[in-house]
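Next come the chains, spelled out residue by residue.
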Amino acid sequence: MRFGILGPLEVTGAAAAADGRREPSYAPQAAKLRVVLGTLLIRANEVVSVESLIDELWPDAPPRTATTTLQVYVSHLRKTLQSADPDNGREALVTRRPGYLLRVGADALDALAFEDLHRRGHQALQTSDFAAAADLHRRALALWRGPLLSDTPHGPVLEGAAVRLAEARTGALDERIRAELYLGLHRELVAELQELVAEHRMHEEFHTHLMVALYRCGRQAEALRVFTTLRQTLVEELGIEPGPSSSRLRQRILEGDPALARAGGRAPGPSAAPSAAPVSATAATGRDPGHDGLPAAVADTGDGSVTGAGGWSAALGALPAADPCFTGRTEELAELERLLRSAPAGGCVAVTGMPGAGKTALAVEAAHRVADAFPDGRLFLDLRGGAGPGLPPAAGPVLDRLVRASGGPGAAPADGGAAAPRLLLVLDGVGSETEVRPLLPVLRGAVVLLVARRVPAGLPGLRSVLLGPWRPDEAQRLVGLFTGRAGTRAGTLGAAAALDAGPGLGPDTVAEIAELCGRLPLAVRTAAAQLAARPHWTAAVLADRLRDEGGRLDVLRTGDVDVRSRLLDAYAACPDPQRRAFRLLSLLPPGRFGARQAAAALDLTEPQASAALEALADERLVAVDRDGCRLPELLRLLAVERLALEDPPEVARAAAERVCRAYADGAAERGRVSDSGARGLVRLARTAYGAGLWALTVRLTDALAGWVPDDAEAVYALALDAAGRCADRAAQARMRRSLGELAWQYRQVERAHELFSGALGLARAAGDEEEAARALVGLAELRLDAGESAEAAALLEPALAALSAPGRARGRYEASRARALLALAQEGRESARAWFGECLELAGALRDQRLEVYALRSLRALSLPPRGGSGPASRAVEIRPGLWRIDPAAVPANPL
């Protein structure tokens, strides 16, 4: 079964037609089905979320039945695929949380084949294998039958993919023509290039290719006319002049440069010695390499290449232009600049950090800032282009020239008079020190700036800068990324500029978006690009979509930038044991954790878990500092995905049980938990409930110890159901009482009474005297709230007696607090002060600062003279920490 998307959608069967006729297409006729299949093919072998598919089907207003309708479409597609391939078609489209995945072989989809051929052709061009480059690009371009999915409606995903692949097709066409010009096929190219410049009126490269082809055909006047037409178009439509490359080529044609007339040749000169590296394709076609800010020691040879003092060409390995949207990183940039300026010749500096942290951007920015310290050039080489271990094909020419320029073997003058030039070499994508160490002895005059995920250990004198997410204070200043005004050159966005940043796009909203992106530069910039690509979205819509953890990584993808893919590269580079550990750590709640919690997830001893965490920290998959470890937010979401995809359910359930048990035990030891710890317990209680771990669900909810989450009612309702499933009446009583307290706070008095009464009955049936007493306290507070002081006193008396037993300090605190409020209403301030004093002692015993502060605040209020007046403030009573009641009776006021 094969698929075609480079043109109208095509689906062909697994076997050729028996009668030899053209095989029929199984492409669905319905437009919506083509949208779903096209989207799955654009992201072949990846999980596409339900939300992304719904956005693609209904970009503006999805119907209420969107999810159900999508399921119907998927069912139809499975039948279609089964018709095309009866053996394997139906199994190719699988359900994977949070959506669907279409399995497609590398040779079964024309887009994958095109990208592979284009990549190989680009590598061949970089290594000056022009015949192979031309052939590979011809084969790649032959796969196109028209615009991407030309018979299919495009939503945001397909539109972005169409732009990306159309640009890739134009790039392949440009590189094919470049290679063929080098091979001397200029006469054959003239007609095609004339058609291309008519279609792409502002594409300078196609115009310069046509100028070269016409000049080599002896048609100098026509070549100059092409430049005149290009200039006229650019001036009239954009108000700009042609670039330096086009202008320089025009001048060479006017001068009748003989070097330009020879395909694959160059003018004789001092740099054309036999030992020189082969001329690059950019030089052969007259295209300027675009080297930004060439230093004085780098001169133009006049033939389109650039030669440095030592005879090397910068056409390959040019430093990328500075990023106009570079923002933040003030401290790291200053430190890196200091290290580069102070590094000796032959020294190494490294920028390391987690994937997506902006390591390359920081290195390039620093390289531009220290240009004055490296007058003989700055080169850039990406080591990730190879097909296997070792350097990529493009590295050879660059390093060969760099070695000669930096005083390597055979390059030093015979008289020894000239010193080695000062050069900066930026090596991006360094996987290990073995890629770098062999180069260092010969790069005697260069400083090497390494960009790597992990520190390349073992390099002598290495100094490094570790890059993490943006700091919270930097995240507050990222509005410019969402308005196109970011960048250190323009400064941060001021208050006046923020006023026109767009609806809802203020610093607070941007800060929330940044937090949801883990303050990871790549993710934040991708989110900003998503917002820019969808004018109908507001910042609030973007933030809302990012809040959904299941679909967050799907949102962080636009064009050819995919945050999930970048994170997956780092994950895939790790050995199997580290990948397994990374997946299992996703079961821990977000935030910091220690070796004890990791040991539970990994089923290891604490020393073994510490070693595993260090290994993951080396790979930048876990962040470690003095306060503990944490999974960076987007890496945590990736780990959740990989756990669901790669591990059997029973493995995940067993690990979840270990984690839940460890956290429940830890909470019991500590007493009251922090707010962040309580949020983690809530998440784990949901995990335990989902795994059917009923008793652990109850224990984790009990460990909240009065902390009220935002969705408290749902949390306690789950625990109540879990208690019922494990037939724990005492636990049912506790959960009913907790729900009763919430209902009372929400002024649902009748429901609170029902829940407290139910809790009392269950506690008595279970023989739980403490819980029965706490339910009585709840009922007493309802009476007190209704002004029925005598009835409240009757309920509190037995409750206080029962809660006086050892080990019942928390229940005794609540009873004493209610008794203090009763005293305030019935007996006066002195009696209330005594009861609040008991509350203070009990809070100290519980080590609960929140309750302790409440008791102190109440005692301080009672020590002040009663406030006069008849307004609401004079009758306000703080009945619980942070919860106030306006008492209709003339109760002495708590002024705080």
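Since the structure is predicted, the reported quantities are computational estimates derived from the model, not experimental observations.

## Side note on the sheet that holds strand S9 (residues 378-382)
Strand pairing in a sheet relies on backbone hydrogen bonds. The paired strands run either parallel or antiparallel. Here we have five strands laid out as an open sheet, ordered S9-S10-S11-S8-S12, and parallel in their pairing. Only two strands of the sheet have a single partner each, and these edge strands are S9 and strand S12 (463-467). Taken pair by pair, the neighbouring strands of this sheet meet at an average axis angle of 15 degrees, ignoring direction. In this sheet, strand S10 (residues 423-430) lies alongside S9 in parallel orientation, the contact comprising five bridges. Among the inter-strand pairings, Leu381 is bridged to a residue of S10, identified as Leu427. Strands strand S8 (348-353), S10, strand S11 (446-452) and S12 of the sheet are contacted by helix H14 (residues 330-342), whose axis makes an angle of about 165 degrees with S12. With respect to the sheet, helix H15 (residues 359-369) is in contact with S8, S9, S10, S11 and S12, its orientation differing from that of S11 by roughly 160 degrees.

## Considering the packing of helix H20 (residues 507-516) against helix H22 (residues 539-547)
In the contact formed by H20 and H22, the axes pass within 10 Å of each other and the chain directions differ by 25 degrees. As far as their axial angle goes, H22 and H20 are roughly parallel. Where H20 crosses over H22, the handedness of that crossing is left-handed. Residues Thr509, Glu512, Ile513 and Leu516 of H20 lie in contact with H22, whose contacting residues are Ala539, Leu542, Ala543, Leu546 and Arg547. Looking at the contact of H20 with H22, its residues break down into six nonpolar, one polar and two charged.

## A closer look at the pairing of S8
Within S8, six of the six residues are buried, leaving the element largely enclosed by the surrounding structure. Of the two faces of S8, the one holding Cys348, Ala350 and Thr352 and the one holding Val349, Val351 and Gly353 are both buried throughout. Pairing of S8 with S11 involves five bridges; the strand directions are parallel. Note that in S11 the partner of Val349 across the bridge is Leu449. In this structure, S8 lies alongside S12, joined through five bridges in parallel fashion.

## Side note on the sheet that holds strand S3 (residues 47-49)
Strand order in the open sheet formed by three strands is S3-S5-S4, with antiparallel pairing between adjacent strands. Edge positions in the sheet fall to S3 and strand S4 (93-96), since each has one partner strand and no second. Each adjacent strand pair in this sheet contributes to an overall mean axis angle of 35 degrees, direction not counted. Summarising the sheet, S4 and strand S5 (residues 99-102) pair through four bridges and their orientation is antiparallel. Residue pairing in the sheet places Leu93 in a bridge with Leu102 of S5. Sheet strands touched by helix H3 (residues 66-84): S4 and S5. Its angle to S4, the strand with the most contacts, is close to 145 degrees.

## Describing the environment of Val235
When you line up the elements, Val235 lands in helix H10 (residues 220-238). In this structure Val235 comes out as partly exposed when scored by relative accessible area, which is 34%. Leaving out residues up to four positions away in the same chain, Val235 has contacts with Ile240 and Glu241.

## Structural notes on the pattern of salt bridges
Here the idea is simple: oppositely charged side chains can pair when their charged atoms come close. In this structure the tally under the stated criterion is 58 salt bridges. One salt bridge connects Asp174 with Arg178, and the closest N-O pair in it is separated by 2.9 Å. Remark: Arg178 and Asp174 occur in helix H7 (residues 156-182); sequence separation between them is four residues, near one turn of the helix. Judged by relative accessible area, which is 10%, Asp174 ranks as buried. The salt bridge partner of Asp785 is Arg747, with a shortest N-O separation of 2.3 Å. Of the two residues, Asp785 is situated in helix H35 (residues 769-785) and Arg747 in the loop between helix H33 (729-745) and helix H34 (749-766); the sequence distance between them amounts to 38 residues. Judged by relative accessible area, which is 49%, Arg747 ranks as partly exposed. Overlapping salt bridges, with partners in common, bring together Glu549, Arg552, Glu633, Arg636 and Arg683 in one network.

## Here's the deal with helix H28 (residues 633-646)
Because an α-helix completes one turn every 3.6 residues, residues spaced three or four positions apart along the sequence face the same direction. Helix length check: H28, at 14 residues, gives a terminal C-alpha distance of 20 Å against a target of 20 Å (1.5 Å per residue), a fit within 8%. Those residues of H28 not exposed but buried are Leu634, Leu635, Arg636, Leu637, Leu638, Ala639, Glu641, Arg642 and Leu643.

## Structural notes on the environment of Leu234
Looking at where Leu234 falls in the secondary structure, it is placed in helix H10. On the basis of relative accessible area, Leu234 is assigned to the buried category, the value being 2%. In this structure the C-alpha to C-alpha distance between Leu234 and Met202, which are 32 residues apart in sequence, comes to 6.6 Å. Apart from residues no more than four positions distant in its own chain, Leu234 is found in contact with Met202, Glu204, Gly239, Ile240, Glu241 and Pro242.

## Focus on unusual backbone geometry
For the peptide bond that leads from Arg97 to Pro98, omega is 10 degrees, which places it in the cis range. Topologically, Pro98 is positioned in the loop between S4 and S5. The backbone phi angle of Arg620 is positive, close to 65 degrees, even though this residue is not glycine. Mapped onto the secondary structure, Arg620 falls in the loop between helix H27 (606-618) and strand S15 (623-625).

## What about the confidence of the model for the chain?
Averaged over the chain, the pLDDT score is 80; the fraction of residues at 70 or greater is 82%. This model gives residues 485-501 a pLDDT under 50, and the stretch forms 32 contacts once residues within four places in sequence are excluded. Residue range residues 869-875 is modelled with pLDDT below 50. Its contacts to residues more than four positions away, or to other chains, number 15 contacts.

Calculation rules
- Residues numbered from 1 in each chain as written.
- Predicted model: local features only at pLDDT ≥ 70, side-chain atom pairs only at ≥ 80, totals over all residues.
- Heavy atoms only, no water.
- Pairing = 2+ DSSP bridges.
- Helix = DSSP H or I, 4+ residues; strand = E, 2+ residues; numbered from the N terminus.
- Axes fitted to C-alpha atoms, helices over the stretch in contact; angles between N-to-C directions.
- Contact = heavy atoms within 4.5 Å.
- Parallel < 35°, antiparallel > 145°, perpendicular 65-115°, else oblique.
- Left-handed = near helix turned anticlockwise from the far one by under 90°.
- Nonpolar A, V, L, I, M, F, W, Y, C, P; charged D, E, K, R; others polar.
- Buried < 20%, exposed > 50% of the residue type's maximum accessible area, 1.4 Å probe, protein only.
- Salt bridge = Lys/Arg side-chain N within 4 Å of Asp/Glu carboxyl O.
- Expected span 1.5 Å × (residues − 1).
- pLDDT = per-residue confidence, 0-100.

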